[in-house]
Structures are given as C-alpha cells and as structure tokens.
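Letter by letter, the chains look like this.
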Protein chains: 4
Amino acid sequence: MPRAAIMTGPGRPIEVQDRPAGDLEPGSVLLETIYSEVCGTDVHLHHGRLAGVPYPIIPGHVSVGRVVEVAGEVVDIDGHSVREGDVATFHDVHETCHACWYCQVARAPNRCPSRKVYGVTYGAEDGLLGGWSESIYLKPGVKVIPLPESVSPDRLIAAGCGLATAIHAVDRAGIRVGDAVSVQGSGPVGLGAAILALLSGADPVIVVGDPAERLATARAFGVDHVISVSETSPTERVEAVRELTGGRGADVTIEATGVPSAVREGLGMTRDAGRYVIVGHYTDAGEATINPHTDINLKHLEIRGAWGADFNHFYRMVGILHRHGDRFDWERMITRRYRLDEMNEALGDVEHGRVVKAVVEP
Amino acid sequence: MPRAAIMTGPGRPIEVQDRPAGDLEPGSVLLETIYSEVCGTDVHLHHGRLAGVPYPIIPGHVSVGRVVEVAGEVVDIDGHSVREGDVATFHDVHETCHACWYCQVARAPNRCPSRKVYGVTYGAEDGLLGGWSESIYLKPGVKVIPLPESVSPDRLIAAGCGLATAIHAVDRAGIRVGDAVSVQGSGPVGLGAAILALLSGADPVIVVGDPAERLATARAFGVDHVISVSETSPTERVEAVRELTGGRGADVTIEATGVPSAVREGLGMTRDAGRYVIVGHYTDAGEATINPHTDINLKHLEIRGAWGADFNHFYRMVGILHRHGDRFDWERMITRRYRLDEMNEALGDVEHGRVVKAVVEP
Amino acid sequence: MPRAAIMTGPGRPIEVQDRPAGDLEPGSVLLETIYSEVCGTDVHLHHGRLAGVPYPIIPGHVSVGRVVEVAGEVVDIDGHSVREGDVATFHDVHETCHACWYCQVARAPNRCPSRKVYGVTYGAEDGLLGGWSESIYLKPGVKVIPLPESVSPDRLIAAGCGLATAIHAVDRAGIRVGDAVSVQGSGPVGLGAAILALLSGADPVIVVGDPAERLATARAFGVDHVISVSETSPTERVEAVRELTGGRGADVTIEATGVPSAVREGLGMTRDAGRYVIVGHYTDAGEATINPHTDINLKHLEIRGAWGADFNHFYRMVGILHRHGDRFDWERMITRRYRLDEMNEALGDVEHGRVVKAVVEP
Amino acid sequence: MPRAAIMTGPGRPIEVQDRPAGDLEPGSVLLETIYSEVCGTDVHLHHGRLAGVPYPIIPGHVSVGRVVEVAGEVVDIDGHSVREGDVATFHDVHETCHACWYCQVARAPNRCPSRKVYGVTYGAEDGLLGGWSESIYLKPGVKVIPLPESVSPDRLIAAGCGLATAIHAVDRAGIRVGDAVSVQGSGPVGLGAAILALLSGADPVIVVGDPAERLATARAFGVDHVISVSETSPTERVEAVRELTGGRGADVTIEATGVPSAVREGLGMTRDAGRYVIVGHYTDAGEATINPHTDINLKHLEIRGAWGADFNHFYRMVGILHRHGDRFDWERMITRRYRLDEMNEALGDVEHGRVVKAVVEP
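Colleague: Is there a simple way to think about the overall build of chain A in this case?
Modeller: Each helix and strand in chain A was counted, giving 10 helices and 18 strands. Once the C-alpha set of chain A is aligned to its principal axes, its extents read approximately 60 × 40 × 40 Å. Expressed as a percentage of its 362 residues, the buried residues of chain A come to 61%. Partitioning the contacts of chain A with sequence separation of at least 6, the portion at a separation of at least 24 is 69%.

What follows is the structure in structure tokens.
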C-alpha cells in the first residue's frame, strides 16, 4: 500500500500514512512518483490561507512519475498513446467544466468555479490525488504529458510549478525583443520569469530579490542585474531600476513576491505606458496602498493579473526545457530533496526562504 | 484689447484683465471665443494640485470659437483650408515633440515630456493661450477642427473635454457588443463614457454617481441603471452591480470619479478576467487601498490607466456629435453659462457638484 | 414517429421520411421543432462542397423549439434548469474535445478536429440531429439556451446562424466607436454584420450587395449607404466606398459574400492599416487573385479569417436580440416559410438569392 | 567636392559624379560615409518599380558614417548631444508630418503621404540625401543614432535595413516563447527575421530559401532547419514545415521573399489560427493566387502586412546589436564590399542573389 504525506489540517504536523491505491477506472493512469515539490502554495495551505480546502489532503500539485499502469487507451495531446514505463508529468488543474460562463463566454477557464487542482482541492479520502505520495492516481481526463528523453525528471521538477506559472505571466506581459524587464522576487516563479524574459530577448533583465544565493543563481542564469532587497530601501530599488533603464523604468515588471508592499514599488519601477503583471499574489497576504493618479492614470499604465497556469503553459514548459536544457543549469533551482517523513522540515525551509526549491522524493 | 479671466495663483481669486492679442505668426489662427468650459481640472488648478503650472494663467483647455484671422495657409487634418468665419474647436494638447523616446519608441505621445496644454501649461504672459478669454491665439501647428454645420457650438462644448477623455477611456476598455459596462462617476467624463458605452452596444450600462439630477440626466441618455452613491454603502453598490450582471460583475468598469476609494469598489464591481479603466484620477487625490490577491491576481483582471486625450479622440468626438446629434440631448449637460466676471462662482459650482457642466461665454 | 426532410446525397432531391426518435440518454433533451432555417451552407451541402459529410443527413444547424422532454437535470450556462415547455435554441457545434492541441494550446476550439455540427456532420442514422425535422434530439452536453419571453421564436430564427456568425466576424474586426465599416454581402451574415456595426457605433456603415430588396432591408435597418453590385463595376464600388470615407477607404471591411473575386475588391475598399475580415468563405468557391504588394504589404493591412461561431456568439446573440428587439425589424429577414415537403424549393430560392432567409416550419 | 554614385534613371548605368555638399542649415549634421548598402529595394529602383521616384537620385537608404560637422545643437532620442567624431546611423524615413490623418488618427505614420526616405524619394539635386556618396547631409529633424562602441560600423551595416525591417515584421507577428516560426526567404530580411525569432525564444525556427551559402549562414546563426527552394517543390516545402511542427504548421510564418507565389505556400505552412506576416513585398512583383476558403476562412488565420520600418525599429536594432553582438556572427551577412564605381556590378550581384549583402564603401 503506497505511503503518502498527509496534511491533516492547518497548523498541524504532516503525517505519513499508508493509503490504498484503489482500482483504476477506464481512462485513468497510475504513476509511481519520482518527484513532487513543495511550493509556496503548500506553505499557504499549511497556514490555512486558501479557502475551501478539504483537509486532510495529500499536497503536491506538480509532480513527475513513471507510468506503472494505464487503464485502457489514454492519449496525450499530440495523439500519442501513453504507455507503461513512460516518464510523465501532468496538468494539476483538472475538470474545468467547459460548460460554464467563464469557460465558454469569458474564455477564462482558469476562473471556472468547477476547477479541481491536484494536491489542493481534493481530500485524501478522494484517492491518491497529490504528489507527496509514492503513487499518484491520474483520473480519466487528467492531461498526461510524457517527457522526452531530453527532459529528465530532475529538470522537470526543478522548473515545475514555478516555470509554468511564469510562462503564464510572461504571456500576459507581452515582452518584445529588446524590452527592459524587471522581476520582483527570486523564488521559483521569479527566477522562471527571469529565464523566460531572457529567452524572449529582453534587455536588460533585472531581478529584485533575496537572499544572496538566489541572486547568485539569477546571475548564473544570465540575468543582467540583481538588486538585493535586504540591502536597499524601496526608493533605492526604484531608483536603481530606473538608472538601469535609461531613467524611464522597465517596459515590463513582473511581480512574483506575494508581498503587498511590492506592488507600489513595482509600479514605480515601470515606465509610463508600460505593463505590470501581478502573478505572485496567489494567496491573500493583505492589502497594498497605491496612488491611482501617480501610479496608474498619469503613468498610462496597464496592470494585468495572471491566475494560475493553464494546460498550455505546462505543455509549453516541457518544450522549453527540451529546447533550452543546456543553456540554463535548471537543476540549480533544487536546493534539497526531502523524504516523505521530512515534509515538516521542508515546509519550514520553504517558508523561511532557506531553499529555492524543495523537492519531494517519496 | 480682448478681456481674459486670469487665474493668478492657487487659492487666489480669478481676475478679469485686458490682454494684448499680439501679432499672428505665419500658420497661426485667431479665434473669437464662443464658448470655453470649466472642467474639474480647472478646480484642481485653482487648488494648486498640478505640478509645474506657470501661474498666472488663462484657464480653459477645451473651447470653440469663430475664426477671425488666418495667417497664411492653415489646413485641417482632412486637408481642407481653415477660413475666416469657420466655427472651430482645436486640440488643446500641443507640441508633443515627435522626437522623444515616448513619442517615438513607446508610441505614447500622451507621455511626451514636451507636451503643452492650452489653459494649463502656458502662462498668461505667453499670449492668449486659454479659453477663458474673448480671443484665443492658435499657435502654428495647433490642430484646428472646423465644425460641420450639424455640430453647433453648444453641442461641442456640452460634450467638450469630458467626451474626448471618455473616448480615450472607452478605446482602452475594448467594449464588445453586449458587454456589461459600469461607470463610476456622473460628471462629464462619466456621462460621456456612459453614452459611448451605449453607442458601443454595451448591455447593460450602469452609472454609479450623484447627485440626483446627474443620474436623471444619465437615465435620459438611455443608461439602464443608476445607483446613487449617497444612498448606498460601498458593499451595496458592488452587490447592486453584481446583481445587474448575472452575479458576476461588469465586463468593463470605467472609473471617472477621482476619488481614491472608488478604485477598490470598482474592482469589486468588475467580473473575473474583466477590464478596469482608470481615467478619473487626472490629479493626485491621495492613496487608495487594494488587495493584490483578491482584487487583481485571483480575479485575473486587467487595469488600464488612460491619460488625457489625444488628437484622434478630439477628432472622433466631432464625428460622434455629428452622427448622434439627435440621439442624445447633449446640451442637457450644460447646467449654466458664466461670463468672465463670474468665474470664481463657476469654479465653486463645479467643485461642489452644483452643475454638470459650467460653460464660459466670454 | 417524427417526420424529417432528408438530404440523401449531393445533387439528389430532399425526401421527407419518418424517423424514429429513440430513447433519451441521461442529460439529453427532446425539442419539438418550431423553426429551423435554410442557410447558404445547406446549399453547399446539397452541392457536395463540404468534405466528409455522412449523407444521408438531416440538415438544419440553427433551430428553435419547445422542450418536450428532459432526461434528468440539464442546466443552461447561467445555472438555470431547463424545463419542459421552455422555448429554446442550442449551439449547433457540439463535442469540441477540450483535449486536443487546438482546444488547449492554440485555444482555437473552432478548429478542433473532433468538432461535430448539428445538421452537417451527423448522419440521419445517428438520430434526429438536424433541424429539418419535427423533433430534434439534443445529446447530453449540447448547450441549450432557453429564450427569454422578449425573444420570440420568429426573432431568433430571423437572426439565426447569420447573426451568430456575424458576431464572430465583428469580434475579430475590433470596431471602435466612429469607425467606418463596409460590409460586402447582403445575405443574413452581411445584414447581421451591418446591424452589429451600427450597434458598435460605426459611422458610416456601408453595405455592398444585391438584390434591391435586400438593400432596402439594409436601409430599413439604418445602414447609411448601400451599393448595388449589379449596377456597378468593381472599380466603381471601390471608388464609391472611398468617397464615402474621406477618400481613404473603410477602417474595417467585412467580407460576407463567398465570392472569391470579392476579396481583392474588399481589400481595395479598406484603408491603409485597416482590417479586413473574411467570414463569407465558409465553403470552397475557388481561388482569388490578390496583389501582395499593393493589397497587403504597402497597405500595412490586417486580414483576419473568422471560422464559424462559438457558443459565446450564440449566447450573446440572444442577449442582443433581447436588448435591441425593438430597434430593428429583425423578422423582415424572413422572406418565406417552408414546410418539410417544400425543401427542394427552399434550397433553390436560397441559392438564387430569391429570399433573404428561408425558414423551415416543420 | 564629395563623389556620389548617381542612379540617373531606370535601366540606365550608375554614374559617379562630384556633388556639392552645400551649406549646413541649423540643426543639420554632415556625415562622412563609412558604409552604405545595396538592398533589394535599390534593384527595384533601378528597374523603375517604385512609383514617384525623382530620378536622378543618390541611392542608399541605410548607412553609417562619422559625424564631421554639427550645425548647432542636435540631440539624439535619449537626450545626448551629437558630437563631431561620433559614429552614427540615422533613420532613413524622414518628415512624416505628425499632422495628417494617418499620423494622427490611424496612428500609422508609416502610411503618412508626406513621408520622405533617404536614397529613395529625394532627387540628387536636393542634396547629399543618399548613402552611395562620400558624404551624407542629415537635414534638421533627421533622427541620428550615435553607435555605442560595442556596435562597429561593420556590424551595423551587416544588419542594416534588413534587420530593422525584420524587427517590424516580428513585432507584428507577436511571437511567444516556444512558438514554431517559419521564415520564407534567406536574404537580409529573412535572415534577420530568423535571428529575431531565435532571440524571441521560438522553437523551432525554419528558414526556407536559397542558395546554399545563405542557408549555411542561417544554420550558422542557429536556425534549426533549412529547406532549399531549388531542391524542393512547393508541396514538399509545405509538407516539410508541417512535419517539423507536429503536423500542424508553424504558429507564425514570415514572408520575406517578394515572390508572389510564396504567399499561398506560406499560408499552407502556417497552422490553423496562426499568423502570417507579409514583409517581403516591398515592391510590386505581380499577383498571387490564394483560396479564401482553405487558406484564410477555414484556417481562421491572420495575415498582417508590415510596411517599412519606423524609427523605433532602427533604435531597437542598435540595442539588439549591442546586446547580442557576440552571439551571432553578424558580419557574415556581408559578402562583398563595393567602391562607388562598382555599383553597377553590385546591383547585378544583389539582383541575382550572388551575395547576401552588398556593402558600399565609398
């Protein structure tokens, strides 16, 4: 019987339990987990900051595993059959309804009220529907993405949730070749956004974050300038970005911090008539103060929220890792690997920024 | 010698003075003022809330007059010669440089640092460069728009600055046929935006404002629903808009209030993945509080600032007044006409919302 | 046993046959047909111009009927239960897969290879899956749209397929208030596009078409100018549109003719840096000649194809008919009603332009 | 007295003549030419294929030189003074009027009727207004771009007109990270577009062109796949691109050939709901045949013309050359350098594809 790390409730310790795998419905797939990850959302889940979570749950929304069983015929989006032995990831967001006003009229399936997310919206009683487990059950309809040989499980999980989310943010940003891009935040989403800005031809790419190791990682990836948050004041950071961008500010700024006060700072870093993407506020971290005149109206600015990541961002992530596998040392994002019985420690390490990415190796 | 109403400085009374007309440079035009207007910006000017204003000034940025002299050949944008006797308006924004980074690289001439605005950035010593005057001197290069017979001076000034600004806001909003639109504010910009939403096929159009007369004007224009600010709480307003839009909120909300607290309220009135245009914060009215998670990121929202009005908005305004002259009782916007020696009273009436539009009749 | 008009094969007469209704699967709905329509596509089907059609078929893709049976719980997109006695239409495009590259990565579900269309891609043996029948079987998942009382069956079918398709075209066109719009074609799609251009605030709206009755209908709808194809040469038409648009051409031209030679003419009618939408070439009518230099590159033009109509266009159509029911005499589009045994005559009338819209009343 | 190569008329030999430099107006700049180029447009000029050219002319629209005289104060777009000794390029398009309907209402200054182009629309009698000359006179208002030390004159001219034009094309294309891009043509515009696609994160980048040396250059730049036009049929090329793009076709295809028959082929290479940019038809090379149904409507495609290059493309070109100077062997584009008395030979070499880029070294 597979073992899983269970988040039994907000603020309570993670427990390792045996959980039954159950039978496979037609069209489902069983994965033997190779890796899952601990992302900032898991910390928020542990603090009870997301509404409607059916604790106890098996966390872990982005994962990679080996296919050990396929119930009937399952095809990937390119029409290829999924086979036993394939190494694969899958889109954690499942069951958008294709039938509601948001799916059909607004064409914003990421706002579908029926949306289900592995590791977040399923209870542990619903099955092995999270990655902090030796096995993961992919329900019929979950979109499986077999990995090409060029994309190792380590590379996939190093990119993981952060890169898929960053692809969404960068799509929203509309970076043109030569645009100046500043990124607020140096966690997985921020570093992913910085890499994508480089891949999009941005010039310069500036990362504003901390601690020093993360900024060193950013530099190793080719980021032009890094600004340490702990060594500067907000005004100094805004001034620094302006100086690096001809006095005007960045064409595009991407917020990947989740810190409310970063918003006004980021608006100040952005040039008039530029674009500001908010992707880091996946959970409610409180209120922010802005000045509608100086920050938005007079600046003729656009602010764009980017919620979650759709399948197309996951799918394209694998293509990007395949293409640019050698250009960036992706695995450098992985600071440490944790066993299922170390998840309490992993959550603490992520929360306190002691690691860039904490990988779960069940 | 023409008489002009001079704003000598922040907080000081408006004075009527004789001002020399001076000689006409080649390419310039002299207008005998028919109407100018008192818009909210003039109140802000009188409070000293705009930076870099060279008091004393002749206020009045949007005006209409009769051409009394043309120095040489002046053509309008359609290639027709401007002639003595023409009734004309002109684009108050002048001398964007066509040579700076904002004009050329960002293609945002409304952010050109060399931008000059009649009635705002010229001193009274620079000439008759404001509409609160019996004559207006149109420098070479100022874009003159002769009015077709169908557009009377009354109709033009009734629409005025507010409608041109609203065209800009509505362009930014990207309204599609059938979109639900809520407008915050029932001054000239708000009413203009509401009319334009109707003309763009929006359904429903909701105006949130005050006082009762303005809301009655909105209803007379065909607005579907009006919500009185004085009779409701912010929560009630948000709920009211949601109820009128299938529980989801408006596809598009246009902020035309200049009140910082309206921003968060307006975000709440807007549906997930919708658009929010901030056009009312032309001056600094202070800070606003938002929640980056619930208001922007989770909502997958876009916020777009709209600064000022470009020539194309002025030009298209005349076309809209020509086309839809009979559909709306535009002149209803004009509450009262003021002589040059009544400008102190006019400023007070605008500031306290006692009039929708105060027209200057020198 | 319901009677249906069967298209047995290309070029063969339509036959009326009794067809079994079969049992209702859970989630399905049975409609008693009130109206269906004969659109240009049906003529193309009868000529065998669409690939992969499984003759014999029951034609009729857009229809309206009365709900006579609901198998279990079926909800519309706004979450309301569909009930017996409701008058309803439905989206004829069914079973986009939500799982293929076009649905998920390109986000172009109208290009989903699994797309099924009532009246087109289902064989008569598959069930009552077309509107030329006394009953229509709505399979589970078909999106039902109950009509509000304000939208009568006559009004819905008068708009029908043409208006939904025109909404798609107009969305692609991106009409701004005051844009000059020319429409090529005066069939249901062309007239629908003209109405939508009027509703979007276009000025002027020009329809280029024939015969005289259709142009009279366009005028009755409020179109500013009509140009008869039979009374003018291509050069004259291009010149006429240019004269009506300040010598420049229309900001937007919408092609709704299905005639290849119209394309170059339409490009000529469109101003430099304008937009040209091709929606009329739903079937293969042969090749067209263009000049890539003068028609596209030098003109800095955009050409946008618009394929079919998505659910959101159907849904919004009902809203538009509700809102603007009194502004346009929609029913004027219906030239004649046909019984099931008159469908051969109906096809001929549509093919030869003897009717604007032929309605089927089983 | 400077010597210049004069194109005296269509089909007539180029003559080298002494031409007077004249006096400098205030705000003008005199350049000692380092390099100019022979681009495809010059061949077209020599064949008389552009309308309204005031022969005799001094060709050469994109050039680089050393500032030998500045008449008064001239500043670049970043506000820095232009000084004697600076190495600089300039935007060949001059005198868009900022006052016409296209400049102001359509915001398409590239369609301004007053547009003047160095080397194309000025006669030799108007002064040294072309690059095939020992000196170039930059009229007041011509936008000068001093080169940073990192961008040598060789690198600038290697990129030249082609890269600036390609930036415009790629802007229009809207490439996202991971998009598959095919480029038709392997001249300077095509190779420039391929480089920019690589810089934008495209995957794969495919170049369809000839002859073998150009394709080898493309491969050396990092292009993933090249397809030789001389060794394949149109059908084979379309099939090849589809095979390289998962069977669907490229997300984006950029036409940079100037060959009318390439258009239909390129549409076939592009996936449904993709984008096709036509930039290669700068002159009239005749008509093309397309099928509006299969190529555009059914494909739900967008076609976008890209006319010329605006200042912002020139400005950003210098930034791109600065940033990516080491990543690409730009100078490889320069096949041969020609003296003023070799221009007849140079034109022949360009016309017959014997060189990628012919550089003029006066």
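Right, picking up where we left off after that structure.
Colleague: Can you help me understand the interface of chain C and chain D in this one?
Modeller: Buried accessible area, meaning the area lost when the parts come together, often serves as the stated size of an interface. Each partner contributes to the interface: chain C provides 38 residues, whereas chain D provides 38 residues. The element that contributes the greatest number of residues to the side of chain C that touches chain D is helix H8 (residues 292-297) of chain C, accounting for 5 residues. The sheet contact formed by strand S15 (residues 288-290) of chain C and strand S15 (residues 288-290) of chain D spans 3 bridges and is antiparallel. Directly across from C:Ala288, in S15(D), lies its bridge partner D:Ile290.

Colleague: How should the relation of the copies chain C and chain A be read in this particular structure?
Modeller: The relation between the two chain copies is a rotation about an axis coupled with a shift along that axis. For the pair chain C and chain A, the best superposition has an RMSD of 0.1 Å and corresponds to a rotation of 180° with a translation of 0.0 Å parallel to the axis. One copy is carried onto the other by what is essentially a two-fold rotation axis. Ranked by how close their C-alpha atoms come to the rotation axis, the residues of chain C are headed by C:His98, at 3.6 Å.

Colleague: Please explain the domain arrangement of chain A as it appears in this structure.
Modeller: All names here are of chain A. In terms of domains, chain A is made up of domain 1 (3-150 + 325-360) and domain 2 (162-305). For domain 1 and domain 2, the distance between their C-alpha centroids amounts to 28 Å. Taken together, the 13 residues of domain 1 in the interface contact 14 residues of domain 2. Here the residues of the side of domain 1 that touches domain 2 sort into 5 nonpolar, 4 polar and 4 charged.

Colleague: Teacher, can you tell me more about the packing of helix H4 (residues 188-199) of chain D against helix H5 (residues 212-221) of chain D here?
Modeller: Helix-helix packing is characterised by the crossing angle of the two axes and by the distance between the axes. Residues and elements named next belong to chain D. Two elements in contact, H4 and H5, have axes separated by 10 Å at closest approach and are oriented at 15°. Comparing the axis directions of H4 and H5 gives the class roughly parallel. Crossing hand, H4 versus H5: right-handed. Here Leu-191, Ala-194 and Ile-195 of H4 come into contact with H5, specifically with Thr-217, Ala-218 and Phe-221. By residue class, the composition of the contact of H4 with H5 is 5 nonpolar, 1 polar and no charged.

Colleague: Please clarify how the relation of the copies chain C and chain D should be interpreted in this entry.
Modeller: With an RMSD of 0.0 Å, the fit of chain C onto chain D corresponds to turning through 180° and sliding 0.0 Å along the axis. Comparing contact sets, 100% of the residues at the interface of chain C also lie at the interface in chain D, consistent with an isologous, same-surface contact.

Colleague: Just checking my understanding: could you explain the interface of chain C and chain A for this structure?
Modeller: Contact with chain C, which involves 11 residues of that partner, is made by 11 residues of chain A. With 3 residues, the top contributor of residues to the side of chain C that touches chain A is helix H9 (residues 311-323) of chain C. The residue makeup of the side of chain C that touches chain A, split by class, is 7 nonpolar, 3 polar and 1 charged.

Definitions and cut-offs
As a convention, each chain's residues are numbered from 1 in the sequence order in which they are written. Key to labels: chains lettered from A, ligands numbered from 1, both in the order written. Local features in a predicted model are, by the rule used here, given only for residues with pLDDT of at least 70; side-chain atom pairs are given and counted only at 80 or more, and totals for whole chains, interfaces and linings are based on all residues. Helix and strand labels come from DSSP, where a helix needs a run of H or I of at least four residues and a strand needs a run of E of at least two; each type is numbered from the N terminus. Buried means a residue has 20 or more other C-beta atoms within 10 Å of its own C-beta, exposed means 12 or fewer, and partly exposed covers the counts in between; C-beta atoms are placed from the backbone. Residues are scored as being in contact if the C-beta atoms we place from backbone atoms lie within 7 Å. Pairing between two strands is assigned when DSSP locates at least 2 bridges connecting them. When the copies are superposed, the least-squares fit takes in the C-alpha atoms of residues with a pLDDT of at least 70 in both. Reported domain spans reflect what an automatic or database domain assignment gives. Here the nonpolar group is Ala, Val, Leu, Ile, Met, Phe, Trp, Tyr, Cys and Pro; Asp, Glu, Lys and Arg are the charged ones; every other residue, Gly included, is treated as polar. Axes, fitted as lines to C-alpha atoms, cover a helix only where it is in contact. Angles between the N-to-C directions of the axes lie from 0 to 180 degrees. Roughly parallel means an angle under 35 degrees; roughly antiparallel means over 145; roughly perpendicular covers 65 to 115; every other angle is labelled oblique. Note on convention: near helix rotated counterclockwise from far helix by under a right angle means a left-handed crossing. Clockwise means right-handed.

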